[in-house]
Amino acid sequence: MAIIERVFSGVQPTGNLHLGNYLGALVNFVKLQATYNCLYCVVDLHAITVPVPGGPDELRRNIREVTAAFIASGIDPRKQIIFNQSQVPEHAELTWVLNCVARLGWLNRMTQFKEKAGKDRENASIGLYDYPVLMAADILVYRATHVPVGEDQKQHLELSRDIAQKFNNDFSESIAAHGHGDKFFPLPEPVITGPATRVMSLRDGTKKMSKSDPSDYSRINLTDDADAIAQKIRKAKTDPEPLPSEEKGLETRAEADNLVGIYAALAGKPKSEVLCEFGGAQFSGFKSNLVDLAVAKLSPIAAEMKRLTADEGYVDSVLIDGADRARAIASETMDAVKDIVGFIRKR
Ligand code: AQP
């Protein structure tokens, strides 16, 4: 089995997709489809590692909404593979094998688990602890070479590389004996690029914009209408100084830096160019321009998401077709893994 350059990434159906998910992930997903074969996954197995507040109906609604966001952002479901994780059982199957390769010490270092489990660690699900191994399986079951993610997923990506490397080492003789050369899994490369790899909360420039923040004013949701976008940007925390003319002037101003970063990312310009234009301006004027830009860029996506989510039959058909195509790749990998590990299987 030759290694083919392939992109994989996933988004959790855990609530409102926001501007951070869009600029940190979806924009790059769209760009990469011009040069790679891509698989974009709605990672519903990850979503149940914490309780889903509205239960199964909400989970189904969220899965369709993330699928709609993929398509509305510009991913073409006929050319690329869009699917939900639970329809491809090989993700869970490979997770078990990789659970036996990954080390407890590696998982104990994962900061996302520590943050999400908080003080009540004993009560966290085993799934939440094992989340990074499932993520490694998501990527490796397609032997993906490139993984576009936001900055917050860097540590998990490094773990995926460690797991791939250890599998390649532990089974090196069997890998060679089965004709896969000196490595079976490629070490996946993180693609953390663009001017907004870490979009921060609108209420606190030191915290990342997140679906689980209790304040809706902390984030711009992809489904927000023009009024909501305007209100949230106008209420966004700032400081009393005018905008600086150079990037150095943003270094100690987290909120100003975040808003300039958002403007730059939406306009497709470097921050330095935004500061050339707005250096010396008060926030009120800058925010009005940011509102216009955000509404112009995000409203068409919100409208298309609304249209798509109203057509459940279409969205579900995209997921089923995507899962069939994903499974053709995943089952080939899983067969090879079974041979390498020493399981007996029907041929
Ligand atoms: N604030 C962010 N800035 C840039 N990128 C971000 N991503 C998430 N937040 C930001 C990227 O979006 C992709 C999908 O994320 P996810 O839904 O799989 O999980 P997450 O990182 O846990 O997202 P949230 O919004 O922060 O959810 P909660 O609140 O549940 O933790 C990933 O590529 C991620 O890097």
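J.: Go over empty space enclosed by the protein, please, and point to the residues and values.
T.: Overall, the coordinates contain one cavity of 30 Å³ or more when judged by the stated rule. Considered as a void within the structure, the largest cavity measures approximately 40 Å³ in volume. Forming the boundary of the largest cavity are Met110, Gln112, Phe113, Leu128, Tyr131, Pro132 and His156. Secondary structure elements with two or more residues in the lining of the largest cavity: helix 6 (111-117) and helix 7 (126-140). If you tally residues by element for the lining of the largest cavity, the top one is helix 7, at three residues.

J.: Give me the site of the ligand: which residues, what numbers.
T.: Not every one of the 21 residues close to the ligand is listed here, only the nearest: Asp152, Lys208, Ser210, Lys211 and Ser212. Met209 is positioned such that a nitrogen or oxygen atom in its backbone is 2.9 Å from a nitrogen atom of the ligand. Between the ligand and the protein, one listed contact pairs an oxygen atom with a side-chain N or O atom of Ser210 at 2.4 Å. Coverage of the ligand by the protein amounts to 95% of the 640 Å² it exposes when considered alone. No other element matches helix 1 (residues 19-32), which puts four residues into the shell around the ligand. Broken down by class, the residue content of the shell around the ligand amounts to six nonpolar, 10 polar and five charged.

J.: Please provide a residue-by-residue account of the environment of Cys100, values included.
T.: Counting through the fold element by element, Cys100 comes out in the loop between helix 4 (90-99) and helix 5 (104-108). Residue classification places Cys100 among the partly exposed residues on the basis of a relative accessible area of 48%. In this structure the C-alpha to C-alpha distance between Cys100 and Ile163, which are 63 residues apart in sequence, comes to 9.9 Å.

J.: Before we move on, could you go through the pairing of strand 2 (residues 37-42) and cite the residues and values that matter?
T.: Two faces make up the sheet, and in a regular strand the side chains alternate between them. The element strand 2 is extensively covered by neighbouring structure, given that five of its six residues are classed as buried. Here strand 1 (residues 6-11) pairs with strand 2 via six bridges, running parallel. The residue of strand 2 that forms the bridge with Val11 is Val42. The β-α-β motif built from strand 1, the intervening helix 1 and the parallel element strand 2 has right-handed crossover chirality. In terms of strand pairing, strand 2 meets strand 3 (residues 81-84) through four bridges, oriented parallel. Bridge pairing links Val42 to Asn84 in strand 3.

Conventions we followed
The residue numbers shown here count from 1 along each chain, following its written sequence. Totals for whole chains, interfaces and linings use every residue, but because this is a predicted model, local features are given only for residues with pLDDT of at least 70 and side-chain atom pairs only at 80 or more, for both listing and counting. Each side-chain value is derived from all of the structure's non-hydrogen atoms; neither hydrogens nor water enter the calculation. Think of a 1 Å grid over the protein atoms and nothing else: a 1.4 Å probe that fits but is trapped marks a cavity, an open set flanked by protein within 12 Å on at least five of seven lines marks a pocket, and residues with an atom within 4 Å of a point count as lining. Grid points are joined across faces, edges and corners, and a volume is the space filled by probe spheres set on the points. Labels follow the DSSP assignment, with helices taken as runs of H or I lasting at least four residues and strands as runs of E lasting at least two, numbered in each case from the N terminus. Near is defined per residue: the residue qualifies when any heavy atom it owns lies within 4 Å of the molecule or strand. Within 3.5 Å is the distance limit for a polar contact, defined as a pair of N or O atoms, with the added protein rule that one can donate a hydrogen and the other accept it, and that residues adjacent in sequence qualify only through two side-chain atoms. With residues, only the protein chains shown are counted as cover, and all accessible areas are computed by Shrake-Rupley using a 1.4 Å probe. Amino acid classes used here: Ala, Val, Leu, Ile, Met, Phe, Trp, Tyr, Cys and Pro are nonpolar; Asp, Glu, Lys and Arg are charged; the rest, including Gly, are polar. Note on exposure labels: buried denotes an accessible area under 20% of the residue type's maximum, exposed denotes more than 50%, and partly exposed covers the range between, all computed with a 1.4 Å probe on protein chains only. In this analysis, strands are considered paired if DSSP registers two or more bridges between them. Crossovers are described as right-handed under a simple rule: with the strands pointing away from the observer, the path leading from the first strand over the helix to the second runs clockwise.

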